[in-house]
Amino acid sequence: MTVLDESSRQYDLPLPPTLTPARLTELATHAVSNPEGKTISTTAPYTGTPLGDLPLATKETVEDAFGRAKNAQAGWADTPISERKKIMLRFHDLVLARQAEALDLMQAENGKTRRDAFLEIADTAITARYYACNAERFLHPVRRRGAVPVLTRTTELHHPKGIVTIISPWNYPLSMAAGDAVPALMAGNVVVQKPDTQTALTALWALGLMREAGLPADVWQMVVGHGSEIGDTLLDGADFVMFTGSTASGRRIASGAGERLIRAALELGGKNPMIVLDDADLDRTIAGAVAGCFPSGGQLCVSIERIYAPDARFDEFVDRFAAATRALTIGAAYDYSMEMGSLTTPSQLKTVTEHVDDAVSKGAKVVVGGAARPPPRA
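Notes on the structure in this doc start here.

What counts, and at which threshold
Residues numbered from 1 in each chain as written. Predicted model: local features only at pLDDT ≥ 70, side-chain atom pairs only at ≥ 80, totals over all residues. Heavy atoms only, no water. Helix = DSSP H or I, 4+ residues; strand = E, 2+ residues; numbered from the N terminus. Rg over C-alpha atoms; globule rule 2.2 N^0.38 Å. Buried < 20%, exposed > 50% of the residue type's maximum accessible area, 1.4 Å probe, protein only. Lys, Arg positive; Asp, Glu negative; His and termini not counted. Charge placed at Lys NZ, Arg CZ, Asp CG, Glu CD. Polar contact = N/O pair within 3.5 Å; in protein donor to acceptor, adjacent residues only side chain to side chain. Pairing = 2+ DSSP bridges. Axes fitted to C-alpha atoms, helices over the stretch in contact; angles between N-to-C directions. Contact = heavy atoms within 4.5 Å. Expected span 1.5 Å × (residues − 1). Right-handed = clockwise from strand over helix to strand, strands pointing away. Parallel < 35°, antiparallel > 145°, perpendicular 65-115°, else oblique. Left-handed = near helix turned anticlockwise from the far one by under 90°. Nonpolar A, V, L, I, M, F, W, Y, C, P; charged D, E, K, R; others polar. Phe/Tyr/Trp six-rings, centres within 6.5 Å; stacked < 30°, edge-to-face > 60°. Lys NZ or Arg CZ within 6 Å of the ring centre and 35° of its normal. Disulfide = S-S within 2.5 Å. Core = buried A, V, L, I, M, F, W, Y, C linked by side-chain atoms within 4.5 Å.

Remarks on the overall build of the protein chain
Phase 1 of the analysis: When helices and strands are counted, the protein chain shows twelve helices and eleven strands.
Phase 2 of the analysis: Taking 21 Å as the expected radius of gyration for a compact globule of 378 residues, we find that the protein chain reaches 23 Å, a close match to that expectation.
Phase 3 of the analysis: Counting only residues that meet the buried cut, the protein chain has 47% of its 378 residues in that class.
Phase 4 of the analysis: Counting 38 positive and 44 negative side-chain charges, the protein chain places the centres of these two groups 6 Å from one another.

Here it is in structure tokens:
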């Protein structure tokens, strides 16, 4: 696995021409600004070099964002669904038209392969079009049976929640940032979002496109900062919370949402086994196992974490799965030549290394990989 390796520096891979310093600075301006000029930096996993500086949000700047969002919400909710649909369809078209820049950006910030990045382009475009075309039907009033038939009439109505707080992760920086915001916006809500700092530029790219498509400025805002400093403020101002991240953080958010009696949607970590049956077609099974284990370097909540195979086929499965894994094209490139890229941060490398060491200490046998692969020397 090609990962950040502190002992031998990363790839000597220049940023693509789309990601000029001026363009990266322009993307950063879509975030809520810090009056004091304080910033927070991100680095590229492939090279370890700085990508850009982002305005660092404080409790006060987040509160200001919520104030602007609250003022904008009524007008946005009154905007006809047909107008919201036009904005979302323009966003859909812009995502597809500008995908080359977004692919470069996701790879630069996350370290994933281009094909994994393209999945996010497709997912975001499909999500935007789906809700644009179906929101009116979803939100239409629904007649229900009255408590007393004939004498009473019941109609189910749908109203916006108000301000939706979205806390989105680094592993799918476009899908999880824009994909969660799209249905909230189409339903008449406003959004205050904290994307993960490591991949905030990708989220801000989506925000810029949405505003270019016609979305009013204060309807969707992004703040960049430390969860420990602004997390409580993000929860305090919300009418609904959408969080994707660790189970530990999810528990804290669920507790806070419960205290305020607001709803929360939590997408947390997973433990996902694959089970190989006695009559499995191993050609298809091995291909499926590789496809299920290694997208985005395995940094995915639904990635396969363990595989159970029957004794009668265990050795054959392990040998063939190891061979297929060993054959993966691994490295860093801003094209479709690689099948697996880099882990995203040094902390991810530390976590993966600890998992491997822990397994080996408990009797596991490493049959392929198991250690960080240093990049090739020039």
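Now that the structure is up, let's keep going.
Comments concerning the side chain of Asn110
Phase 1 of the analysis: You can see Asn110 is positioned in helix H4 (residues 99–110).
Phase 2 of the analysis: At 2.9 Å, the side chain of Asn110 forms a polar contact with the backbone oxygen of Trp170.

What about the sheet that holds strand S7 (residues 220–222)?
Phase 1 of the analysis: Strand order in the open sheet made by the five strands is S7-S6-S5-S8-S9, with parallel pairing throughout. Each edge of the open sheet is held by one strand with a lone partner, namely S7 and strand S9 (263–267). The mean inter-strand angle of the sheet, taken between neighbouring strand axes irrespective of direction, is 15°.
Phase 2 of the analysis: Across three bridges, strand S6 (residues 190–195) lies against S7 in parallel orientation. Bridge pairing in S7 links Gln193 to Met222.
Phase 3 of the analysis: Across the sheet, helix H2 (residues 59–78) is in contact with strand S5 (163–168), S6 and S7; its angle to S6 comes to roughly 150°.
Phase 4 of the analysis: Against the sheet, helix H7 (residues 200–212) makes contact with S6 and S7, and its axis sits at roughly 155° relative to S7, the strand it touches most.

A word on helix H12 (residues 346–361)
Phase 1 of the analysis: When the terminal C-alpha atoms of H12 are compared, their 22 Å separation across 16 residues agrees well with the 22 Å that a helix rising 1.5 Å per residue should span.
Phase 2 of the analysis: One or two residues past the end of H12 sits Gly363, with phi positive at roughly 110°.

Re the pairing of S5
Phase 1 of the analysis: The element S5 is extensively covered by neighbouring structure, given that six of its six residues are classed as buried.
Phase 2 of the analysis: The alternating pattern of S5 places Ile163, Thr165 and Ile167 and Val164, Ile166 and Ser168 on opposite faces, both of which are buried.
Phase 3 of the analysis: Direction of pairing for S5 relative to S6: parallel, over a ladder of six bridges. Note on S6: the bridge partner recorded for Ile163 is Val190.
Phase 4 of the analysis: Note on the crossover from S5 through helix H6 (residues 175–186) to S6: the handedness is right-handed.

Digging into the packing of H2 against helix H8 (residues 227–236)
Axis angle and axis distance: for two packed helices, these are the angle between their axes and the distance between the axes, and together they describe the pair.
Phase 1 of the analysis: Relative orientation of the contacting elements H2 and H8 amounts to 25°, with a least axis distance of 9 Å. Relative to H8, the element H2 is oriented roughly parallel. As for the relative orientation of H2 and H8, their crossing is right-handed in sense. Across the interface between the two elements, Lys59, Val62, Glu63 and Phe66 of H2 pack against Ile230, Thr233 and Leu234 of H8.
Phase 2 of the analysis: Of the residues that constitute the contact of H2 with H8, the class distribution is four nonpolar, one polar and two charged.

Let's talk about the packing of aromatic side chains
Phase 1 of the analysis: Scanning the entire structure with this criterion turns up six aromatic pairs.
Phase 2 of the analysis: Measuring from ring centre to ring centre gives 5.6 Å for Tyr46 and Tyr334, while their planes differ by 75°; the resulting arrangement is edge-to-face. In this pair, Tyr46 sits in the loop between strand S1 (39–43) and strand S2 (50–55) while Tyr334 sits in the loop between helix H11 (311–326) and H12, placing the two residues 288 residues apart along the sequence.
Phase 3 of the analysis: Look at Phe294 and Phe321: their rings are 6.2 Å apart centre to centre, the planes differ by 10°, and that puts the pair in the stacked class. Taken together, the residues Phe294 in the loop between helix H10 (282–293) and strand S11 (304–308) and Phe321 in helix H11 connect sequence positions 27 residues apart. Per residue, the accessibility class of Phe294 equals that of Phe321, and both read buried.
Phase 4 of the analysis: Put simply, the rings of Tyr130, Tyr131 and Phe138 touch in pairs and so form one group of aromatic residues.
Phase 5 of the analysis: Here the basic side chain of Arg84 rests over the ring of Trp76, its NZ or CZ set 6.0 Å away from the ring centre.

Considerations on the state of the cysteines
Phase 1 of the analysis: This model, assessed by the stated rule, comprises zero disulfides.
Phase 2 of the analysis: The closest cysteine sulfur to the non-disulfide-bonded Cys293 is located on Cys301, 14 Å from its own sulfur.

Digging into unusual backbone geometry
Phase 1 of the analysis: Positive phi is not limited to glycine here, since Leu261 has a value of about 60°.
Phase 2 of the analysis: Inspection of the secondary structure puts Leu261 in the loop between helix H9 (247–260) and S9.
Phase 3 of the analysis: You will see that Ser296, though not glycine, has its phi angle at about 50°, which is positive.
Phase 4 of the analysis: Tracing the backbone shows Ser296 in the loop between H10 and S11.
Phase 5 of the analysis: Exposure remark for Ser296: the relative accessible area of 2% places this residue in the buried category.

Thoughts on the nonpolar core
Phase 1 of the analysis: Grouped together as the largest cluster of nonpolar side chains are 72 residues, with contacts concentrated most on Met88, Phe91, Leu185, Met210 and Trp220.
Phase 2 of the analysis: Counting residues per element, this core draws most heavily on H7, at nine residues.
Phase 3 of the analysis: Dropping the residues within four chain positions of it, Leu185 is found in contact with Trp76, Arg84, Met88, Val191, Met210, Leu215, Val219 and Trp220.
Phase 4 of the analysis: Ranked by size, the runner-up nonpolar core spans 15 residues in total, among them Ala280, Ala289, Val290 and Ile330.

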